[in-house]
Amino acid sequence: MTTIISKLSFQLHSIATLLKGIDAIDYTLPIQEMGNATIGQHVRHTIEIAQSLVNGYISNEINYEKRKRDLEIETSLKYASNLCAELTLLINRSDKKLILVAENEMGEQIRIKSYYSRELHFILEHTIHHMALIKTGLQILKKDITDDYFGVAYSTIQYRSKSCAQ
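Below is a short write-up of the structure. (Residues numbered from 1 in each chain as written. Predicted model: local features only at pLDDT ≥ 70, side-chain atom pairs only at ≥ 80, totals over all residues. Heavy atoms only, no water.)

## Looking at the overall build of the chain
How we decide: The secondary structure listing takes helices from DSSP runs of H or I that are at least 4 residues long and strands from runs of E that are at least 2 residues long, numbered from the N terminus. What the globule rule says is 2.2 Å times the number of residues to the power 0.38, and the radius of gyration is computed from C-alpha atoms. Three exposure classes are used, based on accessible area relative to the maximum for each residue type with a 1.4 Å probe and protein chains only: buried under 20%, partly exposed in between, and exposed over 50%. Note on contacts: a residue pair is in contact if any heavy atoms of the two residues lie within 4.5 Å. Only the protein chains shown count as cover for residues, and all accessible areas are computed by the Shrake-Rupley method using a 1.4 Å probe. The charge count includes Lys and Arg as positive and Asp and Glu as negative, but it does not include His or the ends of the chains. We put the charge of a Lys on NZ, of an Arg on CZ, of an Asp on CG and of a Glu on CD.
Counting secondary structure elements, the chain contains seven helices and three strands. Each helix (α) and strand (β) of the chain, taken in turn from the N terminus, gives the series α-α-α-β-α-α-β-β-α-α. At 17 Å, the chain has a C-alpha radius of gyration in line with the 15 Å of a compact globule built from 166 residues. Dimensions of the chain, computed from the C-alpha atoms along their principal axes, are close to 45 × 45 × 35 Å. The burial tally for the chain puts 46% of its 166 residues in the buried class. A separation of at least 24 residues holds for 67% of the contacts in the chain among residues at least 6 apart in sequence. Per element, the accessible surface of the chain, about 9500 Å² overall, is 53% carbon and sulfur. Considering the chain, the positive charge centre built from 19 side chains and the negative charge centre built from 19 side chains are found 5 Å apart.

In structure tokens form, the structure reads like this:
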């Protein structure tokens, strides 16, 4: 499990580093090609999903749908960067059973057995997915400030390295 924690910490650190390299205008600019979403909205969503897991750890219940939606994260680069740094510390916890709470299509609450390690893996993949969207947004804005691995899944990196070696 320490591998998942270190990988997620690295991705959160990568986001925090990126936030120090962009300006507030680009962070909050609606990007038409992305449904008018902003880079800040993708960062907020990523942070809040991880916060949901950290907060649910104590109560043994996670509900990603009932997250806070703190709009300050969308507009404040420093606040978002600080939250990423904070999360790198808060995710380092031992594995245990958890309950994932969600609603089905009828609006009824469902409860799904899970584990902290399973949810951490979900958060890692979800974070990388949104990093790819952030990278796309930056490319649309003609801001080439990420490296080749930003927003690329670990399995894709491994696959590409094996393909190149052959």
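Don't stop here, the text continues.
## Focus on the pairing of strand E2 (residues 97–103)
For the record, the criterion: A pair of strands is treated as paired once DSSP finds two or more bridges between them.
Relative to E2, strand E1 (residues 61–62) runs parallel, the two sharing two bridges. Bridge pairing links glutamate 61 to isoleucine 99 in E2. Once E2 ends, the chain turns through five residues before running back antiparallel as strand E3 (residues 109–115), passing glycine 107 with a positive phi of about 85°.

## Re the nonpolar core
Our working definition: For this analysis, a nonpolar core means a set of buried residues of the types Ala, Val, Leu, Ile, Met, Phe, Trp, Tyr and Cys, connected via side-chain atoms within 4.5 Å.
With 42 residues, the main nonpolar core has Tyr27 and Val43 as its most contacted residues. For this core, the secondary structure elements donating two or more residues are helix H1 (2–19), helix H3 (39–59), helix H5 (77–90), E2 and helix H6 (116–140). In this view, valine 43 contacts Ile15, Leu19, Tyr27, Ile73, Ala80 and Ile134; residues no more than four positions away in its chain are not counted.

## What about H3?
Using the following cut-off: One fewer than the residue count of a helix, multiplied by 1.5 Å, yields its expected span.
Between its first and last C-alpha atoms H3 spans 31 Å; for 21 residues at 1.5 Å apiece the expected length is 30 Å, and the two agree. With 17 of 21 residues buried, H3 lies mostly within the body of the structure. Positive phi shows up at asparagine 60, right after H3, with a value of about 70°.

## Overview of H1
The terminal C-alpha atoms of H1, which comprises 18 residues, lie 26 Å apart, in line with the 26 Å expected from a rise of 1.5 Å per residue. Those residues of H1 that sit buried are Ile4, Ile5, Leu8, Ser9, Gln11, Leu12, Ser14, Ile15, Ala16, Leu18 and Leu19.

## Some points on the packing of aromatic side chains
The cut-off we apply is this: Classification of ring pairs rests on two measures: the distance between centres of Phe, Tyr or Trp rings, Trp counted by its six-membered ring, which must be within 6.5 Å, and the angle between planes, read as stacked under 30 degrees, edge-to-face over 60 and tilted in between.
In total, this model carries two aromatic pairs according to the counting rule given. A centroid spacing of 4.9 Å and a plane angle of 75° characterise the contact between tyrosine 57 and tyrosine 116, whose relative ring orientation is edge-to-face. Within this pair, whereas tyrosine 57 is found in helix H3, its partner tyrosine 116 is found in helix H6, the two being separated by 59 residues in sequence. A relative accessible area of 12% places tyrosine 57 in the buried class. Measuring from ring centre to ring centre gives 5.3 Å for tyrosine 64 and phenylalanine 122, while their planes differ by 50°; the resulting arrangement is tilted.

## Here's the deal with the sheet that holds E3
Pairing is mixed across the open sheet formed by three strands, whose spatial order is E1-E2-E3. Here the strands that pair on one side only, and so sit at the sheet edges, are E1 and E3.

## Details of the side chain of serine 9
Tracing the chain through its elements places serine 9 in helix H1. Overall, serine 9 belongs to the buried group, its relative accessible area being 17%. Look past the residues within four positions of serine 9 in its chain and what remains in contact with it is Thr88 and Ile91.

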